[in-house]
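Examining the three-dimensional arrangement
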Amino acid sequence: MKIIIFDDDPTGSQTVYGCPLLLNWDANTLEKAFTKSSPLIFILANTRSLSSILAVKKTREICSSIKKFFLEKGYSKDDYFYISRGDSTLRGHGVLEPAILEEELGPFHATFHIPAFLEGGRTTENGIHYLNGIPVHTTEFGSDKIFGFSTSDLSKWIEEKSLGKIQAKQILHVEINQLDMAFNNEDDFKSLVSFLSKLENNISVVVDAKLPHHLEILAKAIKIVSKEKRFLFRTAASFINSLSGLPPNPQDIANLVSLKSKNNEFKYKPGLIIVGSHVKLATDQLEFLLKDKSCEGLEIPVGKLADIFTLEDCQPAILELEGILLSKIDDILDTNKVPVLYTTREEIKFSSYSKRMNFGLKLAEFMAILVGKITIKLGYIISKGGITTQLLLQKGLNFNQVDLKGQILPGLSIVISNSDQNDLPVVTFPGNLGNEKTLLESFRLMESNS
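Residues numbered from 1 in each chain as written. Predicted model: local features only at pLDDT ≥ 70, side-chain atom pairs only at ≥ 80, totals over all residues. Heavy atoms only, no water.

1. Overview of the packing of aromatic side chains
For clarity, the threshold we go by: Side-chain rings of Phe, Tyr and Trp, where Trp is taken by its six-membered ring, are said to pair if the distance between their centres is within 6.5 Å; with planes under 30 degrees apart they count as stacked, over 60 as edge-to-face, and otherwise as tilted. Buried, partly exposed and exposed residues are distinguished by accessible area as a fraction of the type maximum, computed with a 1.4 Å probe on protein chains only: under 20%, between the cut-offs, and over 50%, respectively. Both a distance and an angle decide whether a charge sits over a ring: NZ of Lys or CZ of Arg must be within 6 Å of the ring centre and within 35 degrees of the ring normal.
Scanning the model with the defined rule gives 15 aromatic pairs in all. Ring centres of phenylalanine 233 and phenylalanine 239 lie 5.2 Å apart, and the angle between their planes is 40°; this geometry places the pair in the tilted category. For the pair phenylalanine 233 and phenylalanine 239, one class covers both residues: buried. Three or more aromatic residues joined by ring pairs form one cluster here, namely Phe34, Phe69, Phe70, Tyr75 and Tyr80. Taking NZ or CZ as reference, lysine 220 lies 4.9 Å from the ring centre of phenylalanine 189, over its face. One cation-aromatic arrangement involves lysine 260 over tyrosine 268; the distance from NZ or CZ to the ring centre is 4.5 Å.

2. Examining the pairing of strand β6 (residues 122-125)
The condition that has to hold: DSSP-based pairing: two strands are paired if at least 2 bridges between them are found. Secondary structure elements are defined from DSSP: runs of H or I of at least 4 residues count as helices, runs of E of at least 2 residues count as strands, and each element is numbered from the N terminus.
Relative to strand β7 (residues 128-131), β6 is paired through four bridges, and the arrangement is antiparallel. Bridge pairing in β7 links arginine 122 to leucine 131.

3. Overview of the nonpolar core
Quick note on the threshold: Side-chain atoms within 4.5 Å are what join buried Ala, Val, Leu, Ile, Met, Phe, Trp, Tyr and Cys residues into a set we call a nonpolar core. It only takes one pair of heavy atoms within 4.5 Å for two residues to be counted as in contact.
By size, the foremost hydrophobic cluster in this structure holds 78 residues, and its most contacted members are Phe112, Leu196, Phe233 and Phe239. Of the residues forming this core, the biggest block, eight residues, is contributed by helix α13 (residues 353-372). Beyond its immediate chain neighbours, meaning those up to four positions away, phenylalanine 233 contacts Phe81, Tyr82, Ile83, Ser84, Phe112, Ile114, Ile222, Phe239 and Leu243. Judged by nonpolar contacts, the second largest core, of 26 residues, contains Phe117, Val275, Tyr342 and Tyr380.

4. Describing empty space enclosed by the protein
Space left empty within the atom packing is revealed by a probe, the size of a water molecule, rolled over the atoms. How we decide: Each cavity reported here is a set of points on a 1 Å grid over the protein atoms alone in which a 1.4 Å probe fits but cannot get out, each pocket an open set with protein on both sides within 12 Å along at least five of seven lines, and each lining residue one with an atom within 4 Å of a point. Grid points are joined across faces, edges and corners, and a volume is the space filled by probe spheres set on the points. Here the term charged refers only to Asp, Glu, Lys and Arg, the term nonpolar to Ala, Val, Leu, Ile, Met, Phe, Trp, Tyr, Cys and Pro, and the term polar to all other amino acids, Gly among them.
What the rule picks out here adds up to one cavity of 30 Å³ or more. Within this model, the largest cavity holds a volume of roughly 110 Å³. Around the largest cavity, the lining comprises 14 residues; the ones closest to its centre are Asp87, Leu90, Pro115, Trp157 and Arg234. Among the secondary structure elements, those contributing two or more residues to the lining of the largest cavity are β5 (110-114), α4 (154-161) and β11 (231-235). Considered class by class, the residues forming the lining of the largest cavity number six nonpolar, five polar and three charged.

5. Digging into the pattern of salt bridges
Cut-off, in case you're wondering: Take a side-chain nitrogen of Lys or Arg and a carboxyl oxygen of Asp or Glu: if they are within 4 Å of each other, that pair is a salt bridge.
Scanning all chains against the criterion turns up 22 salt bridges. In this structure, the salt-bridge partner of aspartate 292 is arginine 444, at a minimum N-O distance of 3.0 Å. In this pair, aspartate 292 is assigned in the loop between α10 (280-289) and β13 (295-300) and arginine 444 in helix α15 (residues 438-446), connecting sequence segments 152 residues apart. Among the residues examined, aspartate 292 registers a relative accessible area of 13% and is labelled buried. Three or more residues joined by partner-sharing salt bridges are found here, namely Asp7, Asp8, Asp9, Arg48, Arg85, Asp87, Arg91, Glu97 and Arg234.

Below is the structure:
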């Protein structure tokens, strides 16, 4: 059974490999994806970059294309698992998007909320979601200017994000003890299956997870019950791996790194790093990276761009700034250093969330188009930040879909288009992943055979 994942940015495939990531959902692109042998199809909806109104519109648009494609091919929507992949730090439209999928692709008997991302230190215990052992609402992600929240108790979080439509007291809970018992004892596993088989009326279910076997035993039970029940999932990346049951990736890190593009002399071309994410961790990683003398930073003046975007005819000024930055990138490449293109770290204040989100999209698109103009010179790109990466793939590189090859570090995927026009590999680097050294580590890995 294929698993269709609605990914709210392009980093949700960070635990799997060998599957298509779709940046378009026309019939042609869908047909190519459905003919691949992988059980996984990721649709990069990028809804985390959108307001709730636009996120709803985008989700309905994708569902409409899928239903039309199913009708033409004689497929049934009941023959697939559907996952709404969201952020493991609970940012995004985590309750709204599953509600729209229920309307468009339902009815479902239950919606499971499984934000654990074990590879990144995100766990859930007693219904409380943690980041490296700290309740996630007390971290910087809880105070996110757009998607902030006041509780790490997932049942209360669902109530908060649903504006009270889903009451915490109505939400069910699959506890760690229940999963451990099901993993260790056949009778307790049957009890888990029985519990799942009784779910009705799209009830919300919160799932604990601290170790891989917690998700694996749940996935095993769900596959048994799926013959008679339809479930929807709002999850981070780890559960996708458990449900798909993929074996270990046959390609090791050396194979993945060797995907870099070569010049006419069969030597690897230089890389480029872009950092768009503004979370504190991304800034810390950037500062650590720039200490390496084989890199050279180039700041995109965000304040200047904000002024340019307000002009009635802003295109001449945009092209002028592009020209200046492209010249500076060439100068860095001429010194045999790797350019690190990053946005000004101070955030600009806006009068509304919608204006802030709109500016963020314009800024990411500017970066994407800028990088897209020099890809012929590059052997690889490391792209830090979900929105930044989405628009790089979509607007900068003009890809309809990419193939996920695997991970060079936990949670850091490498994708490639494998098209006749472009075989440039891109490392998709979530804004909130790793420690201060992880960006430098990924750079050194990508340079390891140059």
